[in-house]
Amino acid sequence: MLDLLIEKLHDIKFMTMLLAATAAAATVYVLVTPLLAGDPLSKRMKAVASERERLRQRERDRMARTEKVTLRQTPKQLVGRIVEDFNLSKWLAQEEARDKLVMAGYRGQAPYITFLFFRMVMPIVFLAGSALYIFVITHMDRPLVTKLAICLVAAWVGMQAPMLFLKNAIKKRQLSIKRAFPDALDLLLICIESGMSIEAAFRKVSQEIGSQSVPLAEEFTLTTAELSYLQDRKQAYENLQKRTGLEGVKSVCLALQQSERYGTPLGQTLRVMAQENRDMRMNEAEKKAAGLPPKLTVPMIVFFLPVLFVVILGPTGIKVSAYMN
């Protein structure tokens, strides 16, 4: 069975068919997934409602000086038991990872326990997979030191894989927030100038901006809850800044803190901040557009020019070869 598997892996025709089938399946999956996807806004808003209830319960318990009751989701039993048995919270714990999990939208102890679990499992999986491929499937004709080095590199990649996943999730979330943030500031400005309080304005904007950016609606809803239940309102703005990690949000949070402290008018500040964030969004788009021609140079040389030469010179070459024959 193993010899048959190795023979199939070295069969060019079989591998071509396998890759073609994989590409076709991936294409079908990409086209069908949006049709089968549910409503992400309702799911995220349900999670935000749970987080808001947790904040309310925490503040009530703190005021009553009773034991804190948490409504956050508990980690899966198997994952939690493995993390506890191997004491991974001591050996692999990272405060940076906690902050990144929050920035990626994963809150509570369950995502952190899962992160620690994959930090332990992924290096083992990558190491075992690379060793199986090198020593059993392909019988790579290389020195033993080279094989071991490849296995160690694979293990290191497995160790960095959870962090790479977090960074990609943070980038996607920040991009969604960054694109919708200027429009959210415009809505917030309209609500403030119409006479709403800052809590009511955040609540109204979170309901309206959800169709454009679910993460931003989630963050505004959490900020509304924290403004309602935290004693220090400054902490709510600092938490919003920490959860997003964006400079535009940081400047707006500083302006809101100054308005809370000194009583400065908020309308003009929000108008200026909205324009600045819109300019930043436009500058980033222009920067990406300006960097497009250098990125297209190599694909044009590799893919477009050979085809162009074949189309232009092909008929001439055919006539020349026919004339010479």
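In what follows, the structure referred to is the one given above.
On a predicted model such as this, the values are computed, not experimentally measured, just so you know.

Conventions adopted
Residues numbered from 1 in each chain as written. Predicted model: local features only at pLDDT ≥ 70, side-chain atom pairs only at ≥ 80, totals over all residues. Heavy atoms only, no water. Helix = DSSP H or I, 4+ residues; strand = E, 2+ residues; numbered from the N terminus. Buried < 20%, exposed > 50% of the residue type's maximum accessible area, 1.4 Å probe, protein only. Contact = heavy atoms within 4.5 Å. Areas by Shrake-Rupley, 256 points an atom, 1.4 Å probe, with all protein chains shown as cover. Axes fitted to C-alpha atoms, helices over the stretch in contact; angles between N-to-C directions. Parallel < 35°, antiparallel > 145°, perpendicular 65-115°, else oblique. Left-handed = near helix turned anticlockwise from the far one by under 90°. Polar contact = N/O pair within 3.5 Å; in protein donor to acceptor, adjacent residues only side chain to side chain. Core = buried A, V, L, I, M, F, W, Y, C linked by side-chain atoms within 4.5 Å. Expected span 1.5 Å × (residues − 1). Bend = angle between axes of the 7 residues up to and from the residue.

Enquirer: Can you walk me through the overall build of the chain in this structure?
Expert: Within the chain one finds 14 helices and 0 strands. Reading the chain from its N end, one meets helices and strands in the order α-α-α-α-α-α-α-α-α-α-α-α-α-α. Across the 325 residues in the chain, those meeting the buried criterion constitute 31%. Contacts in the chain between residues far apart in sequence, at least 24 positions, make up 65% of those at least 6 positions apart. For the chain, the accessible surface area stands at approximately 21500 Å², while carbon and sulfur atoms represent 65% of it.

Enquirer: Help me out: how do you make sense of the packing of helix 9 (residues 198-208) against helix 10 (residues 214-229) in this one?
Expert: Any two packed helices are characterised by the angle at which their axes cross and by the distance between the axes. Contact geometry of helix 9 with helix 10 gives a least axis separation of 8 Å together with a crossing angle of 155°. Relative to helix 10, helix 9 is oriented roughly antiparallel. The handedness of the crossing between helix 9 and helix 10 is left-handed. Here helix 9 contributes Ile198, Glu199, Phe202, Arg203, Val205 and Ser206 to the contact with helix 10, which in turn contributes Ala217, Phe220, Thr221, Thr223, Thr224, Leu227 and Ser228.

Enquirer: Can you help me understand the side chain of arginine 243 in this one?
Expert: Relative to the helices and strands, arginine 243 is located in helix 11 (residues 233-244). A relative accessible area of 6% means that arginine 243 is categorised as buried. Here threonine 223 takes part through its side chain, which lies 3.2 Å from a polar atom of the side chain of arginine 243. For arginine 243, the contacting residues outside a window of four places in its chain are Val102, Met103, Arg107, Arg173, Glu219, Leu222, Thr223 and Glu226.

Enquirer: Help me out: how do you make sense of the nonpolar core in this one?
Expert: What tends to happen in soluble globular proteins is that the nonpolar side chains get buried as a cluster. Membership of the largest hydrophobic core comes to 32 residues, with the highest contact counts inside it found for Leu185, Ile198, Phe202, Leu216, Phe220 and Leu270. Elements represented by at least two residues in this core include exactly helix 8 (144-193), helix 9, helix 10, helix 11, helix 12 (247-262) and helix 13 (266-290). Broken down by element, this core gets its largest block of residues, 9 residues, from helix 8. In this structure, phenylalanine 202 is in contact with Leu188, Phe220, Thr223, Thr224, Leu227, Tyr237 and Leu256, ignoring residues within four places of it in sequence. Within the second largest apolar cluster, 11 residues are counted, among which are Ala97, Leu101, Met103 and Ile170.

Enquirer: Where do I start with helix 14 (residues 292-324) in this structure?
Expert: Note that an α-helix has 3.6 residues per turn; residues three or four places apart therefore point the same way. Under the 1.5 Å per step criterion, the end-to-end length of helix 14 is 45 Å for 33 residues, consistent within 8% with the ideal 48 Å. A bend of about 50° at methionine 300 is the largest found in helix 14.

Everything listed here is a matter of coordinates, which is why it stays silent on function.
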